[in-house]
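Chain residues, written in single-letter form:
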Amino acid sequence: MTGAHPLRSKRRRSALRTVAFLSPWLIGFAVFFLYPLLSTLYFSFTRYDGFRQPAFNGLDNWSYVFTDYPLFWPAMRNTLWLVLVMVTCRVAFGLGIGLLITKIKTGTGIFRTLFYLPYLAPPVAATLSFVFLLNPGTGPVNTLLDAVGLPTPGWFTDADWSKPALTALALWGVGDLMVIFMAALLDVPKEQYEAAELDGAGAWARFRHITLPNISPIIMFAVVTGVIQAMQYYAQPLVAGKVAAGVIGGSGQQFEPGYPDKSTLTLPQLVYNLGFQRFDYGTACVVALVLFVLSMAFTALLMRRRGGLIGAGE
């Protein structure tokens, strides 16, 4: 028993030392994540406009969002579409471009630069350029399609084509994923490819049994970060909708996002529209919490499926 007290003191000092080293992170976590999260949860149960004191109203905000708010479910469907389709296309396209460039023998630097440069374009400027290129009446893309006898979609003015147009914009700026995948592909041991070739494995077999298992953590990283970015997708659909609708934004001007026919409406746009244009912070907090829960659910699901992704290539 005589040694128990010094042992407890030693453990206590070790715990305090650990907390001291973690204190910068703990303070940042509490100030920039935990407090905003708890505040958002609290305001979601209140009627609050940012000027008067919050008034508790129970589940009224939640009931309004899920049952009476006409823009919520279209925004939810669009956001989930972007998560499932746009993220999948970006990861597949980025991996394909990375594979292509690693196989090129000459001019690798030129191709790498050409594919990476679009990623550096500011989101608003890139969106404006795409709206011009895909203009259904005067855009060069439809002019070229019409010249070769192909159908000319309405793109950002057509509810059926607006999200594919946003996906094309996202694929144009896939340079970030290309660089990440190139680094991962160049890190795959060449000895494994040589051994597989000696065993008679074809290109698809080598990709499935060697490339995929080696780069699966990078694929998982790209998917998780892509889902988070898609959940925060705000500027591009808003700018595309406003320009396609012919709206020139000005000071104090109201604009209902989602043109055309709510097809470019996303959950982050609802948060901004409710909170900073309509000053309905309680309802905006409900939508923000839905975004948070969706992001956590997708991330948790993907992390649980990580083992299956790795095993699929083995």
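Below is a short write-up of the structure. (Residues numbered from 1 in each chain as written. Predicted model: local features only at pLDDT ≥ 70, side-chain atom pairs only at ≥ 80, totals over all residues. Heavy atoms only, no water.)

## Quick notes on the overall build of the protein
Part 1 of the reasoning: The helix and strand inventory of the protein stands at 14 helices and two strands.
Part 2 of the reasoning: Taking 20 Å as the expected radius of gyration for a compact globule of 314 residues, we find that the protein reaches 25 Å, considerably beyond that expectation.
Part 3 of the reasoning: Each of the three principal axes of the protein carries a C-alpha extent, and together these read 80 × 60 × 30 Å.
Part 4 of the reasoning: Contacts in the protein between residues at least 24 apart in sequence constitute 67% of all its contacts with a sequence separation of at least 6.
Part 5 of the reasoning: Per element, the accessible surface of the protein, about 18300 Å² overall, is 67% carbon and sulfur.
Part 6 of the reasoning: When the 23 basic and 16 acidic side-chain charges of the protein are each reduced to a single mean position, those positions are 15 Å apart. (Helix = DSSP H or I, 4+ residues; strand = E, 2+ residues; numbered from the N terminus. Rg over C-alpha atoms; globule rule 2.2 N^0.38 Å. Contact = heavy atoms within 4.5 Å. Areas by Shrake-Rupley, 256 points an atom, 1.4 Å probe, with all protein chains shown as cover. Lys, Arg positive; Asp, Glu negative; His and termini not counted. Charge placed at Lys NZ, Arg CZ, Asp CG, Glu CD.)

## With respect to unusual backbone geometry
Part 1 of the reasoning: A cis amide bond, omega 0°, links tyrosine 259 with the succeeding residue proline 260.
Part 2 of the reasoning: Inspection of the secondary structure assignment puts proline 260 in the loop between α11 (235–244) and α12 (267–277).
Part 3 of the reasoning: Positive phi, close to 65°, is recorded for lysine 262, a residue that is not glycine.
Part 4 of the reasoning: Among the secondary structure elements, lysine 262 is positioned in the loop between α11 and α12.
Part 5 of the reasoning: Backbone geometry places phenylalanine 279, a non-glycine residue, at a positive phi of 55°.

## Description of the packing of aromatic side chains
Part 1 of the reasoning: One pass over the full model with this rule turns up 20 aromatic pairs.
Part 2 of the reasoning: With a centroid separation of 5.2 Å and 35° between ring planes, the pair formed by phenylalanine 29 and phenylalanine 33 is classed as tilted. In this pair, phenylalanine 29 and phenylalanine 33 both sit in helix α1 (residues 4–43), four residues apart, roughly one turn of the helix.
Part 3 of the reasoning: Through a chain of ring-to-ring contacts, three or more aromatic side chains come together here, namely Tyr42, Phe43, Tyr48, Tyr234, Tyr272, Phe276 and Tyr281.
Part 4 of the reasoning: The cationic tip of lysine 103 hangs over the ring face of tyrosine 193; the distance from NZ or CZ to the ring centre is 5.9 Å. (Phe/Tyr/Trp six-rings, centres within 6.5 Å; stacked < 30°, edge-to-face > 60°. Lys NZ or Arg CZ within 6 Å of the ring centre and 35° of its normal.)

## Overview of the pattern of salt bridges
Part 1 of the reasoning: In total, this model carries two salt bridges according to the counting rule given.
Part 2 of the reasoning: Aspartate 49 serves as the salt-bridge partner of arginine 52, at 2.7 Å between the closest nitrogen and oxygen.
Part 3 of the reasoning: Owing to a relative accessible area of 62%, arginine 52 belongs among the exposed residues under this scheme.
Part 4 of the reasoning: Judged by relative accessible area, which is 16%, aspartate 49 ranks as buried.
Part 5 of the reasoning: In this structure, aspartate 176 engages arginine 90 in a salt bridge whose closest nitrogen and oxygen atoms are separated by 2.9 Å. With aspartate 176 in helix α8 (residues 175–186) and arginine 90 in helix α3 (residues 72–103), this residue pair connects regions lying 86 residues apart in the sequence. When sorted by exposure, aspartate 176 lands in the same class as arginine 90, which is buried. (Salt bridge = Lys/Arg side-chain N within 4 Å of Asp/Glu carboxyl O. Buried < 20%, exposed > 50% of the residue type's maximum accessible area, 1.4 Å probe, protein only.)

## Things to note about the side chain of threonine 127
Part 1 of the reasoning: Locating threonine 127 in the fold gives a position in helix α5 (residues 123–133).
Part 2 of the reasoning: Threonine 127 gets classed as buried once you look at its relative accessible area, which sits at 0%.
Part 3 of the reasoning: The residues contacting threonine 127, other than those within four sequence positions of it, are Leu169, Gln236, Val239 and Ala240.

## Describing the nonpolar core
Part 1 of the reasoning: Ranked by internal contacts, the top residues of the largest apolar core, which has 56 residues, are Phe72, Val91, Phe156, Val227, Leu267 and Leu270.
Part 2 of the reasoning: Per-element accounting of this core gives the leading share, eleven residues, to helix α10 (residues 203–231).
Part 3 of the reasoning: Excluding its chain neighbours within four sequence positions, the residues that come into contact with leucine 270 are Tyr69, Leu71, Phe72, Ala75, Leu265 and Val287. (Core = buried A, V, L, I, M, F, W, Y, C linked by side-chain atoms within 4.5 Å.)

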